[in-house]
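Coordinate inspection notes
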Amino acid sequence: MIPLLFLVFVVAVKVFKKTTPNGKITVYLGKRDFTDHVDHVEPIDGIIVVESDYLKGRKVFGQVTTTYRYGREEDEVMGVKFSKELIIATGQLVPPVQEKQELTPIQERLLKKLGQNAYPFTFKFPPNAPSSVTLQAGEDDNGKPLGVEYSVRTYVGESEEDRSHKRSSVSLAIKKLQYAPVSRGRRLPSSLVSKGFTFSQGKLNLEVTLDREIYYHGEKICANIIVTNNSRKSVKNIKVFVVQHCEVTMVNSQFSKHVACLETREGCPITPGASLSKAFYLVPLAASNKDRRGIALDGHLKDDDVNLASSTLVGEGKAPSEALGIVISYSVRVKLNCGTLGGELQTDVPFKLLHPAPGSMEKQKLNAERKAKSIERSRYENSCYADDDEDNIVFEDFARLRLNEPE
């Protein structure tokens, strides 16, 4: 008989780690992306491991910092800085100040695996902390990208102000992201505009309706357009755009970028007395805007997880203008071209572009698609934890970041 082969799939937990240059301290984080649920933000939970007899009376401190860069680094002259670095959380990690603290499941598993020299720590984001957003740099930009970035830093010293030794310090980049609500709602955003012409009777009417209010990254955006021409002018062509709107609150500036566009003459010209009803489909993607300066992205940790920045969500009773950092919004813009003398008729219909909520069916479907596209990577990860049957934890190294502290 032919022997039967049984394939056993082990569900592993990925844990990210980073070690100091001297190899004495290692920091572990269960994830790099932390969810902002509008009313609260997931805490930053991790484990720090210190070699025995290394500290010799010294202490290990940790802090969460946010860097808000709103100008190009190469334009900084005469001591003028176009960035602000804020410490939003700080604390002593080793020896721990709190005797007992509530542990997350991943912390409990890591403590069991890493032994007596492991210490848990937890940091919390302050209220109204901005989401991670990075503005894509241009070909001629050599400095650090504009945007909001977060990092977790640990260092050894006699006191909290002693951060002089780079060899015993470590910095881990993290992201703070917002996700779509579990329910996308039933409201269909729409806009109806009209345009009259001088010395001409009648108006040109344009109605635009989207098939939903919230879209997920990578989904097709459907814009249903109805044009009714009761004027004496003709519509030459139709242009449809997906527009990304950015508001940089630090310097109170605003700008917009087209992240998807479509121009067509199908159904045109729309002559006087005629009408047109048609659906247009657009897919805004970061991959389609790789070399365009100023496009906002959801942070930038690895090339394979880059996407357009998500829409900024605010709590109930608050206006988007009250948000901090870089405020992102989207709209579908439709333009009807009526020729040189007739001008254009334009309208914008706002919508939200977000990630599916963690745990939702859409998120599970998206994860399945990503896994199918990375079979080789999955095989490599399986080989890493194939011999670790105790608790199936995969450790992945953070890319090392250069610290700004002097030697």
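Data block above holds the structure.
Moving on, we come to the sheet that holds strand 1 (residues 13-19). Taking strand neighbours across the sheet as the criterion, the 5 strands line up as 7-4-2-1-21 in an open arrangement whose pairing is mixed. Looking at strand neighbours, the two that pair on one side only are strand 7 (118-123) and strand 21 (393-397), the edges of this open sheet. This sheet shows a mean twist of 30° between the axes of neighbouring strands, independent of strand direction. Sheet topology note: the strand 2 (residues 25-29)/strand 4 (residues 44-50) ladder contains 5 bridges and is antiparallel. Directly across from Leu29, in strand 4, lies its bridge partner Gly46. Along the sheet, helix 1 (residues 105-114) makes contact with strand 1, strand 2, strand 4, strand 7 and strand 21, crossing strand 4 at roughly 10°.

What follows covers the state of the cysteines. In total, this model carries 0 disulfides according to the counting rule given. Cysteine Cys268 is unpaired, with the sulfur of Cys338 as its nearest cysteine sulfur at 9.7 Å. By relative accessible area, Cys268 is classed as buried at 18%.

Moving on: the pattern of salt bridges. Tallied over the full model, the rule gives 9 salt bridges. Close ionic contact of Arg212 with Glu219 constitutes a salt bridge, the shortest N to O distance being 3.5 Å. Of the residues examined, Glu219 reaches a relative accessible area of 23% and is grouped as partly exposed. The partner of Glu213 in a salt bridge is Lys352, with the nearest N and O atoms 3.7 Å apart. Placement of Glu213 in the loop between strand 12 (200-210) and strand 13 (214-216) and of Lys352 in strand 20 (residues 344-354) is noted, with a sequence separation of 139 residues between them. Judged by relative accessible area, Glu213 falls into the buried class, the value being 18%. Each of Arg187, Glu213 and Lys352 takes part in a single network of salt bridges with overlapping partners.

With that out of the way, let us pick up the packing of aromatic side chains. One pass over the full model with this rule turns up 6 aromatic pairs. Look at Phe34 and Phe125: their rings are 6.3 Å apart centre to centre, the planes differ by 55°, and that puts the pair in the tilted class. Of this pair, Phe34 sits in strand 3 (residues 33-36) while Phe125 is found in the loop between strand 7 and strand 8 (133-135), placing the two residues 91 residues apart along the sequence. You'll find Phe34 and Phe125 in the same group, each marked buried. With centroids separated by 5.3 Å and ring planes inclined at 85°, the aromatic side chains of Phe125 and Tyr150 adopt a geometry described as edge-to-face. With Phe125 in the loop between strand 7 and strand 8 and Tyr150 in strand 9 (residues 146-157), this pair connects stretches of sequence that are 25 residues apart. Classification of Phe125 as buried rests on a relative accessible area of 9%.

Before going further, it helps to spend a moment on unusual backbone geometry. The omega torsion across Val94 and Pro95 is -10°, close enough to zero to call that bond cis. Position of Pro95 among the secondary structure elements: in the loop between strand 6 (83-94) and helix 1. In this structure, Pro269 follows Cys268 across a cis peptide bond, with omega equal to 0°. Residue position: Pro269 is located in the loop between strand 16 (253-264) and strand 17 (275-282). Positioned with a positive phi, Asp53 is a non-glycine residue whose angle comes to about 60°.

This paragraph deals with the nonpolar core. Residues Ile44, Ile48, Ile225, Ile238, Tyr330 and Phe351 are the most contacted members of the largest nonpolar core, which totals 69 residues. The element best represented in this core is strand 19 (residues 326-337), accounting for 6 residues. With near-sequence residues (within four places) excluded, Ile225 lies in contact with Leu206, Glu207, Val208, Ile238, Val240, Leu276, Ser277, Lys278, Phe280 and Val334. Core analysis: the next-biggest nonpolar cluster, separate from the first, contains 8 residues, Val15, Val49, Ile106 and Ala118 among them.

Before going further, it helps to spend a moment on empty space enclosed by the protein. By rolling a water-sized probe across the atoms, one finds the places where empty space is left. A full pass over the atoms with the stated rule returns 2 cavities of 30 Å³ or more. Volume-wise, the largest cavity comes out at about 50 Å³. Considering each element in turn, the lining of the largest cavity owes the most residues, 3 residues, to strand 10 (residues 170-178). For the lining of the largest cavity, the residue count by class is 2 nonpolar, 6 polar and 2 charged.

This paragraph deals with the pairing of strand 15 (residues 237-248). Burial runs high along strand 15: 11 of the 12 residues are buried. Where strand 15 meets strand 19, 12 bridges bridge the pair, whose relative direction is antiparallel. By the bridge assignment, Cys246 is partnered in strand 19 with Ile328. As judged from the 11 bridges shared by strand 15 and strand 16, these two strands associate in the antiparallel manner. Bridging across to strand 16, His245 finds its partner in Ser256. What sits between strand 15 and strand 16 in their antiparallel hairpin is a turn of 4 residues, with Asn252 showing a positive phi close to 55°.

Conventions and cut-offs
Residues numbered from 1 in each chain as written. Predicted model: local features only at pLDDT ≥ 70, side-chain atom pairs only at ≥ 80, totals over all residues. Heavy atoms only, no water. Pairing = 2+ DSSP bridges. Helix = DSSP H or I, 4+ residues; strand = E, 2+ residues; numbered from the N terminus. Axes fitted to C-alpha atoms, helices over the stretch in contact; angles between N-to-C directions. Contact = heavy atoms within 4.5 Å. Disulfide = S-S within 2.5 Å. Buried < 20%, exposed > 50% of the residue type's maximum accessible area, 1.4 Å probe, protein only. Salt bridge = Lys/Arg side-chain N within 4 Å of Asp/Glu carboxyl O. Phe/Tyr/Trp six-rings, centres within 6.5 Å; stacked < 30°, edge-to-face > 60°. Core = buried A, V, L, I, M, F, W, Y, C linked by side-chain atoms within 4.5 Å. 1 Å grid on protein atoms, 1.4 Å probe; cavity = no way out; pocket = protein on both sides within 12 Å on 5 of 7 lines; lining within 4 Å. Points joined across faces, edges and corners; volume = space filled by probe spheres on them. Nonpolar A, V, L, I, M, F, W, Y, C, P; charged D, E, K, R; others polar.

Taken by themselves, the reported measurements are silent on function.
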